Amino acid sequence: MGTKIFWIEGDGIGPEIWRAARPVINAALAAETSVVTLEWQELLAGEKAVREVGSPMPEATLNALRTADLAMKGPLGTPVGTGMRSLNVALRQGLDLYACIRPVRHFQGLETPVKHPERVNMVIFRENTEDVYAGVEFAALTPEARKLASFLREELGVTKVGDACAIGIKPMTEAGSKRLVRRALRYALDNKLPSLTLVHKGNIMKFTEGAFRQWGYDVAAQEFGDVTCTEKDMLPGRLVIKDRIADAMFQEALLRPEQYHVLATPNLNGDYISDALAAQVGGLGLAPGVNMSDTLAFYEATHGTAPTIAGQDKANPGSVILCGALMLEHIGQPGAAARIRQAVSKAIAAKAVTADLAPNVTGARVVGCQEFGEIIGSYL
């Protein structure tokens, strides 16, 4: 029985990590002697698409993804400050991939900046279509910024917006916030986890992030009230819903990470905390992620294109390999997923790792991207 997976190679190190990662994913499934097989179908996006069809995001790619169930991609590049808007954001908004889900855990043998990285075992649910991803910005001193500043002063009585301001607006909705928290709640309950934490800056942004917090509590009470409780109630056997201000959550992640299991966040907070947690356990090289709509699961490397090492066989394919493990779990192959995670652990224990991991492994031997994938594959 074939399962179709659309895949996008990505820019920069994308081709290298795919060459190393895809054989591992296929081999893990084959080792389970499963009747399921993977049918990989490539789609064009990014620099490769520009070279071949003249567009960074061909309509054929979007049309295929609109009816897809599964997809995976390497990193796609976007210039900072100039040029086209992010292809990643365009995909997430165009396909309504509203939940960015990133599990963060430590692999034994990987030294990290913290004393007890093994205490970090969290899954971040980051809202993926609103907040700064739907943000509206106008540069300082432009006619648009001046016009908006004038409107804010004259029509709404805002006194701290001058004509020289750059101005940004971040839209957040009840529907968008609730569906993200709802998905996080279902995950926590399905996996019998103790708590879900709403991460926000509602003490300052009371009507956007403060609303996210309240909407989160509302959906828990209204739709899951018989199986959840608040931190104040602490009813035995129920999923505890709590909240933390974003800056305090960073401290909690360092001091008491074992007390947190699922985090539900607006877009920007989730971006920050997921990368920070990944650093606590060893970096983005072993951090998988998936962006999900109600119909499509789109797995992707969480790191960037790393253009300075592209084509040099130095990249770490671990993020895409571990995305494969998430994808295999999603299609009902938990044994194959477990094989991949165990193989990554054994590769680290063998101390033959890529250059990004080597400083965190005592006595490491640095290997290239392709060899690291082969080493992981040998332990399946």
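Explain helix H12 (residues 369-378) to me, using residue names and the numbers behind them.
For H12, the full list of buried residues reads Cys369, Phe372, Gly373, Ile375 and Ile376. Looking straight down H12, one finds that the buried residues subtend no more than 160° of arc, so they occupy a single side. In this fold, the buried residues of H12 make contact with helix H1 (14-31), helix H10 (318-330), helix H11 (334-349), strand S14 (352-353) and strand S15 (365-366).

Kindly report on unusual backbone geometry, identifying the contributing residues and their values.
Although it is not a glycine, Leu141 sits at a positive phi angle of roughly 75°. Looking at the element boundaries, Leu141 is found in the loop between strand S6 (136-138) and helix H5 (143-156). The phi dihedral of Asp313 is positive, around 60°, even though this residue is not glycine. Looking at the secondary structure, you find Asp313 in the loop between strand S13 (297-300) and H10. The exposure class of Asp313 is partly exposed, given its relative accessible area of 37%.

Break down helix H7 (residues 209-224) for me, citing the residues and quoting the values.
Spanning 16 residues, H7 covers 22 Å between terminal C-alpha atoms, matching the ideal 22 Å at 1.5 Å per step. Those residues of H7 that fall on the buried side of the exposure criterion are Glu209, Gly210, Ala211, Phe212, Trp215, Gly216, Tyr217, Val219, Ala220 and Phe224. Among the structural elements, helix H6 (174-190), strand S8 (195-200), strand S9 (228-230), strand S10 (239-245), strand S11 (262-265) and helix H9 (267-281) are those in contact with the buried residues of H7.

Tell me about the pairing of S8, and please be specific about residues and values.
Counting buried positions along S8 gives six out of six residues, so the element sits mostly inside the fold. Burial of the side chains of S8 extends over both faces: Ser195, Thr197 and Val199 are buried on one face and Leu196, Leu198 and His200 on the other. Judged from the six bridges that link them, S8 and S10 form a sheet pairing that is parallel. Each bridged residue has a counterpart across the sheet, and for His200 the counterpart in S10 is Ile245. Sheet topology places S8 next to S11; three bridges connect them, and they run parallel. Bridged to Thr197 within S11 is Leu263.

Quick one: what's the story with the sheet that holds S10, residue by residue and with numbers?
The mixed open sheet is built from 11 strands, whose spatial order is S2-S1-S3-S13-S12-S4-S5-S11-S8-S10-S9. In this open sheet, the two strands that pair with only one neighbour each are strand S2 (37-42) and S9. Across the sheet, the mean angle separating the axes of adjacent strands is 25° when strand polarity is ignored. Alignment of strand S1 (residues 2-8) against S2, held across six bridges, turns out to be parallel. Considered in S2, the bridge of Gly2 is made with Thr37. Contacts from H7 reach S8, S9, S10 and S11, with the element oriented near 155° to S8.

Before we move on, could you go through the packing of H1 against H12 and cite the residues and values that matter?
For the pair H1 and H12, interaxial distance at closest approach is 8 Å and the crossing angle is 10°. Of the possible angle classes, the one that applies to H1 and H12 is roughly parallel. Two secondary-structure elements touch here, H1 through Glu16, Ile17, Arg19, Ala20 and Val24 and H12 through Cys369, Gln370, Gly373, Ile376 and Gly377. Class assignment of the residues belonging to the contact of H1 with H12 gives a composition of five nonpolar, three polar and two charged.

Go over the packing of aromatic side chains with me, naming the residues and quoting the values.
Scanning all chains against the criterion turns up three aromatic pairs. A ring pair is formed by Trp7 and Trp18, whose centres lie 5.1 Å apart and whose planes are at 55°; its orientation type is tilted. Of this pair, Trp7 sits in strand S1 while Trp18 sits in helix H1; the two residues are 11 residues apart in sequence, bridging distant segments of the chain. Across the pair, exposure class does not vary: Trp7 and Trp18 are buried alike. Seen in terms of ring centroids, Phe125 and Tyr187 are 5.5 Å apart; in terms of plane orientation they differ by 55°. Their pairing is tilted. Placement of Phe125 in strand S5 (residues 121-127) and of Tyr187 in helix H6 is noted, with a sequence separation of 62 residues between them. Judged by relative accessible area, Phe125 falls into the buried class, the value being 1%. By relative accessible area, Tyr187 is classed as partly exposed at 29%. An aromatic cluster of at least three residues, connected via ring pairs, comprises Trp7, Trp18 and Trp40. Here the basic side chain of Arg22 rests over the ring of Trp7, its NZ or CZ set 4.8 Å away from the ring centre. The lysine or arginine in question, Lys242, covers the ring of Tyr260, its NZ or CZ lying 4.4 Å from the ring centre.

The rules we used
Residues numbered from 1 in each chain as written. Predicted model: local features only at pLDDT ≥ 70, side-chain atom pairs only at ≥ 80, totals over all residues. Heavy atoms only, no water. Buried < 20%, exposed > 50% of the residue type's maximum accessible area, 1.4 Å probe, protein only. Helix = DSSP H or I, 4+ residues; strand = E, 2+ residues; numbered from the N terminus. Arc of directions from axis to C-beta. Contact = heavy atoms within 4.5 Å. Expected span 1.5 Å × (residues − 1). Pairing = 2+ DSSP bridges. Axes fitted to C-alpha atoms, helices over the stretch in contact; angles between N-to-C directions. Parallel < 35°, antiparallel > 145°, perpendicular 65-115°, else oblique. Nonpolar A, V, L, I, M, F, W, Y, C, P; charged D, E, K, R; others polar. Phe/Tyr/Trp six-rings, centres within 6.5 Å; stacked < 30°, edge-to-face > 60°. Lys NZ or Arg CZ within 6 Å of the ring centre and 35° of its normal.

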